[in-house]
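What follows is the residue order along each chain.
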Amino acid sequence: MIKAVLFDLDGTLADSLLDLATSADYALGNLGYKGHTLKEYQYFVGNGIPKLIERSLPENARDTQTVQKCLQIFMPYYKEHCDDKTYAYDGMPELVASLKKLGYKTAVITNKAQEMAEKVVLRLIGDSFDIVCGKREGYPAKPDPKLTLEVMSELGVKPEECVFVGDSQTDMATAINSGALPIGVLWGYRTKSEIEKSGAKFIVSNAEEIIQILNNL
């Protein structure tokens, strides 16, 4: 029996790509490097901000010192602008509200920094989640399952009582690694083929389908 629905944030609950890309381009430009297209940034995001910065830098400039210097420019800028153009995907606020009414536990598990994750979720979805969990000190980024398992424990549920909803290979791997049922969404940053190959048990094209899946489990 499913008791909890766990969500990725970027590309699943909200489209944050433009704000991430704008902030990364700002940091890169300050160091004299070229920016990237939104299409390119779709494949840079998903594994946390340090990895985003590393991927956005030229291959010959990905040393620790340059990555840290770029991060030091990126973080304060993104903190100020993390929700300028970010918006909730169609039906997601309503879905989360419905899940709450139906008695499901809900959580956000994201590689985004905690402060930014809370800011974006509160503005776009409201105070509906039991837990909003960003990157925590001492915990590896997704798809490592350690933090997801910790959130499950905090919710008081077992892995087999959870579904994990996400848009990427990282999210499907997180679900599989933690023992949750992986549900892939098609409105995010990856293709159907990529999500299928990553092990999604279900793939949905709109928020309502998630309720239908839960009803049939």
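Everything in this summary refers to the structure shown in the same document. Quick caveat, the model's predicted, so the values are computed rather than measured. (Residues numbered from 1 in each chain as written. Predicted model: local features only at pLDDT ≥ 70, side-chain atom pairs only at ≥ 80, totals over all residues. Heavy atoms only, no water.)

Topic: the packing of aromatic side chains
- Taken as a whole, this structure holds six aromatic pairs when the rule is applied.
- An angle of 75° between the planes, with centres 6.0 Å apart, marks the rings of Phe 7 and Phe 129 as edge-to-face. In this pair, Phe 7 sits in strand β1 (residues 4-7) while Phe 129 sits in the loop between α6 (114-124) and β5 (131-135), placing the two residues 122 residues apart along the sequence. For the pair Phe 7 and Phe 129, one class covers both residues: buried.
- Seen from their ring centres, Tyr 41 and Phe 44 are 5.4 Å apart, and the 85° between their planes marks the pair as edge-to-face. For the residue pair Tyr 41 and Phe 44, the accessibility class agrees, reading buried in each case.
- An aromatic cluster is present here, built from Tyr 87, Tyr 89 and Trp 187 joined pairwise through their rings. (Phe/Tyr/Trp six-rings, centres within 6.5 Å; stacked < 30°, edge-to-face > 60°. Helix = DSSP H or I, 4+ residues; strand = E, 2+ residues; numbered from the N terminus. Buried < 20%, exposed > 50% of the residue type's maximum accessible area, 1.4 Å probe, protein only.)

Looking at the side chain of Ser 128
- Of note, Ser 128 is situated in the loop between α6 and β5.
- We classify Ser 128 as buried; its relative accessible area is 16%.
- When neighbours within four sequence positions are excluded, Ser 128 is seen to be in contact with Val 96, Lys 100 and Thr 106. (Contact = heavy atoms within 4.5 Å.)

Quick look at the environment of Pro 145
- Secondary-structure assignment places Pro 145 in the loop between β5 and α7 (146-155).
- The exposure class of Pro 145 is partly exposed, given its relative accessible area of 21%.
- Sequence separation between Pro 145 and Ile 211 is 66 residues; the distance between their C-alpha atoms is 25 Å.
- When near neighbours in sequence (up to four residues on either side) are disregarded, Pro 145 contacts Asn 177 and Ser 178.

Coordinates in, geometry out; function isn't part of it.
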